[in-house]
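Listed below are the residues making up each chain.
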Amino acid sequence: MNLAALGFAAPWVLWALVALPILWWLLRAVPPAPVRRRFPGVALLLGLRDKDPESQRTPWWLLLLRVAALAALILALAGPVLNPSRVVPGQGPLLVVMDASWASARDWPRRIERVTQALEAAQRAGRTVSVVELTDPPAVAPEFRAADHWRERLPGLMPRPWSPASDLPAWTADLPPGTETLWISDGLARDGRAALLAALAGSGPVSVFEPATPVLALAPPVFDGQAVTVTARRTPGGVQELTLNALGRDPAGAERVLDHAALRFAAGAVNADARFDLPPELRNRVTRFQIDGARGAGTVALTDDSLQRRKVALLSVREGSERLALLSPLHYLREALRPSADVIESASLDDLLLAGPDVIVLADMPGLTEGESQALLHWVEEGGLLLRFAGPRMAGAGASAALGGGGGGQQDDPLLPVRLRAGGRTVGGAMSWGDPRSLAPFPDQSPFVGLPVPADVGIRAQVLAQPGPDLAAHTIAALADGTPLVTRAARGAGQVVLFHVTANAEWSNLPLSGLFVQMLDRLAISTRGARPDAGDLAGTHWQPQEVMDGFGLLSRADDRAAVPGEDLAPVLSGERQPGPDLQPGLYAGTALRIAVNATDAQTPLTPAQWPLGTVVETGARQAEVPLAGYLFAAAAAVLILDALATLALGGRLLRAAMLVFALGLAASPRAQAQAPTGDVDPRILQATENVVLAAVATGDPQVDAVALAGLRGLSDALYARSSVEPGDPMRVDIETDELSVFPFLYWPVTADSPLPSAQAYDKLNRYLRTGGMILFDTRDAEQARLTGGTTAAGRRLQDIAAGLDIPPLEPVPADHVLTRTFYLLTDFPGRYQGGTVWVESAPADAQQAEGMPFRNLNDGVSPVVVGSNDWASAWAVDEQGVPMAQVGRGTTGERQREMAMRFGVNLIMYVLSGNYKSDQVHVPALLERLGQ
Amino acid sequence: MNPTGPALRRSAEALSGALPPLLVAAEHLANSVLPGAHGRRRAGSGAEFWQFRPVHAGDAASRIDWRRSARGDDLFVREREWQAARAVTLWVDDGAAMAFSADKNRPTKARHARLLALALALVLLRGGERVGLAEADLAPRAGRAQADLLAMALADESVAGGEHGAVDLHAAPVGGHVVLFSDFLGDMAPVEAALALAAARSMRGILVQVLDPVEEGFPFDGRTRFESMSGHLSHETLRASDLRSAYRDRLAARKDRLAALARQTGWHATTLHTDRAPALGLLWLYQALGGQK
């Protein structure tokens, strides 16, 4: 920030600063307030005079403080503004010319803001305004109206995805004299700019607003067979790191970033490449490339079919016989095609046709029905490529047709490019005359032209075509003896290609050679990727599918009129740029989609040069920041400091502070009353005074009530039978309550128990690790027994326990200390019985002690006990101590309830005394040692 | 002032509440001085044995010391030493100025003075002297009961209206001793008048100036407004430190004047400070009193 960035609304107020030295002198004359002191010896002082008749000097720092406060006040009153805008009010009508091109989109809001400022200024000055977009120029003379009118229309202004026309617009001739022009430039040099500027300058002053950010543009992506390279271009600038995203639809159909690559512009460089080495599946999905974080049609490169993968359909051999893979006629094709094409394979031609393949491959004679042949022919005529291979059956079929058809041959079969002679020819075999034939070089008009012919490729057998006048035209590859190896014929929009050998290595070693792959590539791949040239486009029509707006956003355009191919051709060849009549977007032809991008590799990206003397704003200026408020606040703060310092000097700071404090206390008696108690729940405090059993709240009132009643019954039983004298049980909320004061939690789990939050899990794990115990009860032993599977509550328990730090569990072993902590128990019924009860599993090396019925399990208390017997219901008593739930029937039921209660007592004993009963196994050994 | 029943009782309780501490402290202090009756080194009507002498004619038979006489043939009379009990009148300034203490850990000058006075009274009473206060109904008497009365009177720390109390020695017995406790920072005219009266009635005594250390040192600085304890007097200065030497000079002059007064009338004068142990002061007082034959 330099000093020039600071302005004052009322600079004359600053003259008051001159008065500060006077104030300094004045302040020095006023001493601080006297200290009042009680002093009995005052009688001795009466009549004494101060030695220095001048006043006591105020400390310099206090003076400085006061002067600073006043200076801040004066400055604040002068209305300081950081980065003040110096708008010089102009004269006459104002013309706002906006480039509004794709390059303007990068900082469109700033341009609009600048226009808004200009409009506001014009409104204040009462000037008429006209706003002209060069990409969408007015048909006639620009309309000069009140600024209000244009301010309402401002939000509707959008950048266009093309560049302004280069010829001088006609409306410039009709400008009223004295028109001031504000040109919102996109920063790019263009033909015709100078002429327009001259025309505008002819009627009045021209100022230019041109943000200094570099213009970015993407060239269309280039696919070299392995990787997609996208070149980004820009106006010259410093080092710039960008990210280029490849966007497309994921398998779910949602658009997302499929891949990204770094774009790094070196200092001064105008080009940067991003390389995407995408797997074909992914590359097929890419719909566009976009510079991350950039806006504008120039930073979006739409992709079209040139990046797509071909879909090749293989019709499987329909024989049920299982043949060796290497002998399968399709094996080599599969292997050759798979790396570069999307191979689908089916035995059903209907399925293949439904998949809409680009190529269908038939090996030998698949034995098509009449209907299938018709469908296939129809597909070929629609533009499909049918690739066929010969084989024994084709040769045989030809023979049979020749024998039975009376010399007709396959002349009627449109699915073969040429008529075949009956039977095949075998060369180089044991019974034949010559060596295997090699290939002749490919003729010029052949798609294979240029491929090297390896010498070791030999053809041992082939099917032969009927010689005919057009055979040579159909032949695209031949053997050294001139017999055709590959023939091709057009059928409608599509074509049929026949290899006169088998697709496997039976008749030739061609499928084993690299040439085979290259030939397939030439046949299948090269049919895609090349952009149609002007000749191809002539007479075609292209339906826009999606069009791009100036910001690079796509919208559906199915409802727009189709574009003739003649219009498309110059844009594709780069002869002209897209414009209003041909918007950038995706255009679909009969079998091909073509992307038209706002910018291509030839789009000129030179920074605009303005003639000397043109006022160019770059917009780097920051917004106005009024500083008066800050200065007022600073003055107030300094004055408060001054007050405190004065009090301190007078020795009354403490008293004042105490007064303020007392006022504060009086104002907030509640806060004072609450402070000492803090946030300790009195309930929890009460729980610390006694052993208190607690039930975890589940949110189900019925379950919670029963759980609490069950713990009440258990507490009563403990009180009556043992030396444990628990307090009233409590319900705890694991999310909010402190758990550490409870030795034992009963947690009934229902199918819809809420999952604890992460904090609650932390708390629970801490609780379990520090010696707490949780009894999980899914209360559905009966249901589990009947259904024999995991119940809903059981699954919920698994979900809940997933977040808990629970050791491996095992069903309670017969010698577990739980069976003898108070009562001797063998099973643990609750309201139900038979449900397995799980505890932490014993260590694997537990030894059975000599002469003892129990294993030596002295360490560790299981942190959890998991069961499903609905103990709480069996324990539950109401306020009068009467059991609440029925358990079993008659005396058996009462016995079961008693056993449940005993389990409860054992469990609490286990919780409280740990494995102490297990230690009893040592008693004989101890007695023995004592006896000695 | 006519206190109602509850108010009277309340003040009585406050009084008796303060009494034991003062009494205990004073007794504790008094124990540090071993008193004795002032033997006059001649036969008299004291309690102490002085000498045996042969019986003269005219001696009452009851005066013969038969135990001594039985050892020989002559009759002896036991003579007792003549002992004189003095009347000591104490006065403690009850003005507002005495209720000053610059530090809350130090006793006020009044309290220090009252402690000294009571301790001195106890010592004197133990020695058989008659001690009283310069008030109407507390004329010097001997005995333990007088000690309680004095303690009650001295425990009353209520402040008189003025800055300094006025001493009235009209009721003091002629030829007795007087001990005046004050800071003597106020108007000296009443003090001089009292001393003149005392000299006229052949009373002797001690002027005890009790001062707080702050009054001695004047450790003040900056702009200060000094106010007397009752608020009647005030003096404002812009720089208190400038006044320090002047104040000290005036204080020294005041002390000199006290000393001169004492010299003129054969009195003693001393200055005691509230931050010093009172025992030293008491010992000095006792000896000074005992030395005035």
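J.: What should I look at first to understand the overall build of chain A in this one?
T.: Looking only at helices and strands, chain A has 26 helices and 39 strands in total. Within chain A, the proportion of its 932 residues that are buried is 36%. Here the analysis covers contacts within chain A between residues at least 6 apart in sequence; of these, 76% occur between residues at least 24 apart.

J.: Which parts of the structure should I look at to understand the overall build of chain B?
T.: Along the backbone of chain B there are eight helices and 10 strands. Classification of the 293 residues of chain B by burial places 37% in the buried group. For chain B, restricting intrachain contacts to residue pairs at least 6 apart in sequence, the fraction spanning at least 24 positions comes to 75%.

J.: Honestly, the environment of Thr778 of chain A in this entry has me stumped. Any pointers?
T.: Residues and elements named next belong to chain A. Within the element layout of this structure, Thr778 appears in the loop between strand S36 (773-777) and helix H22 (781-787). Of the residues examined, Thr778 has 27 C-beta atoms within 10 Å and is grouped as buried. Sequence separation of Thr778 and Asp870 is 92 residues, and the distance between their C-alpha atoms is 7.0 Å. Apart from the residues lying within four places of it in its own chain, the contact partners of Thr778 are Val749, Thr791, Ala793, Gly794, Leu797 and Ser868.

J.: Just checking my understanding: could you explain the interface of chain B and chain A for this structure?
T.: The accessible area lost on association of the parts is a frequent measure of interface size. Each partner contributes to the interface: chain B provides 29 residues, whereas chain A provides 21 residues. Looking at the side of chain B that touches chain A, the elements with two or more residues in it are strand S8 (224-227), strand S9 (234-237) and helix H7 (240-265) of chain B. Per-element accounting of the side of chain B that touches chain A gives the leading share, seven residues, to H7 of chain B. Of the residues assigned to the side of chain B that touches chain A, the class counts are 12 nonpolar, seven polar and 10 charged. Examined bridge by bridge, strand S2 (residues 35-38) of chain A and S8 of chain B share four bridges and lie parallel to one another. Bridging from a neighbouring strand, Val35 of chain A pairs with Thr224 of chain B of S8 of chain B.

J.: Explanation requested: helix H21 (residues 758-769) of chain A in the structure shown.
T.: Helical geometry note: an α-helix holds 3.6 residues per turn, so side chains three or four residues apart project in the same direction. Counted at 1.5 Å a residue, the expected span for H21 of chain A with its 12 residues is 16 Å, and the 16 Å between its end C-alpha atoms agrees. Positive backbone phi, at 105°, marks Gly771 of chain A, one or two positions downstream of H21 of chain A.

J.: When you look at the nonpolar core in this model, what are you seeing that I'm missing?
T.: Generally speaking, a soluble globular protein has its nonpolar side chains buried in company with each other. Leu90, Ala119, Leu120 and Ala121 of chain B are the most contacted members of the largest nonpolar core, which totals 72 residues. The greatest single-element share of this core, amounting to 13 residues, is contributed by helix H3 (residues 109-126) of chain B. Once residues lying within four places of it in the same chain are set aside, the contact partners of Ala119 of chain B are Ala26, Leu29, Ala30 and Leu282 of chain B. Counting residues in each nonpolar core, the second largest holds 60 residues, with Val817, Trp871, Met901 and Val911 of chain A among its members.

J.: Even after reading the chapter, I still don't get the sheet that holds strand S5 (residues 130-133) of chain B, so can you show me in this structure?
T.: Adjacent strands of a sheet pair through backbone hydrogen bonds, lying either parallel or antiparallel. All names here are of chain B. Read from one edge of the open sheet, five strands run S5-S4-S6-S7-S10, paired in parallel fashion. The strands lining the two open edges of the sheet, one partner per strand, are S5 and strand S10 (268-273). Mean inter-strand twist for the sheet, computed between neighbouring axes without regard to direction, equals 20°. Bridge count between strand S6 (residues 177-182) and strand S7 (residues 204-211): six bridges; the pairing is parallel. Each residue of the ladder has a partner; that of Leu180, found in S7, is Leu207. Packing of H7 onto the sheet brings it into contact with S7 and S10, and relative to S10 it is tilted by some 145°.

J.: What should I look at first to understand the sheet that holds strand S1 (residues 6-8) of chain A in this one?
T.: Residues and elements named next belong to chain A. Taken together, three strands build an open sheet; the order of strands is S1-S3-S32 and the sheet is antiparallel. The outermost strands of the open sheet, each flanked by one partner alone, are S1 and strand S32 (625-626). When strand S3 (residues 80-82) meets S32, the two strands line up antiparallel, connected through two bridges. Residue pairing across strands places Val81 opposite Pro626, the latter belonging to S32.

J.: Help me understand the packing of H3 of chain B against helix H4 (residues 144-155) of chain B in this model?
T.: Between two packed helices, what matters for the description is the angle formed by their axes and the separation of those axes. Residues and elements named next belong to chain B. For the pair H3 and H4, the least separation of the axes is 10 Å and the interaxial angle reads 175°. As the angle between them shows, H3 and H4 are arranged roughly antiparallel. Of the residues in H4, those in contact with Arg114, Ala117, Leu118, Ala121, Leu122 and Leu125 of H3 are Gln146, Ala147, Leu150, Ala151 and Leu154. A breakdown of the residues in the contact of H3 with H4 according to their chemical character gives nine nonpolar, one polar and one charged.

J.: Just to check I follow, could you spell out unusual backbone geometry for this structure?
T.: Among all residues save glycine, negative phi is the norm, and among peptide bonds the norm is trans. One non-glycine residue, Asp870 of chain A, lies in the positive phi region at around 55°. Along the chain, Asp870 of chain A turns up in the loop between strand S39 (864-867) and helix H24 (871-875). By C-beta crowding, Asp870 of chain A is classed as buried, having 28 other C-beta atoms within 10 Å. A positive phi angle, close to 50°, is found at Ser202 of chain B, a residue other than glycine. Counting through the fold element by element, Ser202 of chain B comes out in the loop between helix H5 (189-200) and S7. Assessed through the 10 C-beta atoms surrounding it within 10 Å, Ser202 of chain B is described here as exposed.

J.: What exactly am I supposed to notice about the pairing of S7 of chain B here?
T.: The side chains of a regular strand alternate, first on one face of the sheet and then on the other. Residue and element names in this part refer to chain B. Judged by how many residues are buried, S7 sits mostly within the fold: seven of eight residues are covered. Handedness of the crossover joining S6 and S7 through H5 is recorded here as right-handed. Two strands pair when backbone bridges link them, and S7 and S10 are joined in this way by six bridges, in the parallel orientation. In the sheet register, Leu207 faces S10, and the bridge partner there is Ala269.

J.: Even after reading the chapter, I still don't get the environment of Asp277 of chain A, so can you show me in this structure?
T.: All names here are of chain A. Mapping Asp277 onto the fold places it in the loop between strand S14 (271-276) and helix H7 (280-285). Residue Asp277 is classed as exposed on the basis of its 12 C-beta neighbours within 10 Å. Here the alpha-carbon distance between Asp277 and Asp259, two residues 18 residues apart in the chain, equals 9.4 Å.

J.: What is the right way to read helix H15 (residues 565-573) of chain A from this model?
T.: Considered for burial, the residues of H15 of chain A that qualify are Gly565, Leu568, Ala569 and Val571 of chain A. Positive phi shows up at Gly574 of chain A, right after H15 of chain A, with a value of about 85°.

J.: Where do I start with the environment of Asp733 of chain A in this structure?
T.: Residues and elements named next belong to chain A. Here Asp733 is to be found in the loop between strand S34 (730-732) and strand S35 (744-748). With 11 C-beta atoms counted inside 10 Å, the residue Asp733 sits in the exposed group. On a C-alpha basis, the gap between Asp733 and Thr698 in space is 8.4 Å, while along the polypeptide they are 35 residues apart.

J.: Can you walk me through the confidence of the model for chain A in this structure?
T.: It should be kept in mind that the predicted coordinates are not to be read in detail where pLDDT is low. With 86% of its residues at a pLDDT of at least 70, chain A reaches an overall mean of 80. The low-confidence segment residues 671-677 of chain A, where pLDDT is below 50, has one contact with residues more than four positions distant or belonging to other chains.

J.: How should I be thinking about the confidence of the model for chain B in this particular structure?
T.: The predicted model of chain B has a mean per-residue pLDDT of 79, with 82% of residues at 70 or higher. Interface confidence for the predicted complex, expressed as ipTM, amounts to 0.72; the pTM equals 0.41.

J.: What is the right way to read the pairing of S5 of chain B from this model?
T.: Residue and element names in this part refer to chain B. Burial of the side chains of S5 extends over both faces: Arg130 and Gly132 are buried on one face and Val131 and Leu133 on the other. Pairing geometry for strand S4 (residues 87-92) and S5, over four bridges, is parallel. The partner of Thr89 across the bridge, within S5, is Gly132. Considered for its hand, the β-α-β crossover made up of S4, H3 and S5 is right-handed.

The rules behind the values
Residues numbered from 1 in each chain as written. Chains lettered and ligands numbered in written order. Predicted model: local features only at pLDDT ≥ 70, side-chain atom pairs only at ≥ 80, totals over all residues. Helix = DSSP H or I, 4+ residues; strand = E, 2+ residues; numbered from the N terminus. Buried ≥ 20, exposed ≤ 12 C-beta atoms within 10 Å, placed from the backbone. Contact = placed C-beta atoms within 7 Å. Nonpolar A, V, L, I, M, F, W, Y, C, P; charged D, E, K, R; others polar. Pairing = 2+ DSSP bridges. Expected span 1.5 Å × (residues − 1). Core = buried A, V, L, I, M, F, W, Y, C linked by C-beta atoms within 7 Å. Axes fitted to C-alpha atoms, helices over the stretch in contact; angles between N-to-C directions. Parallel < 35°, antiparallel > 145°, perpendicular 65-115°, else oblique. Right-handed = clockwise from strand over helix to strand, strands pointing away. pLDDT = per-residue confidence, 0-100.

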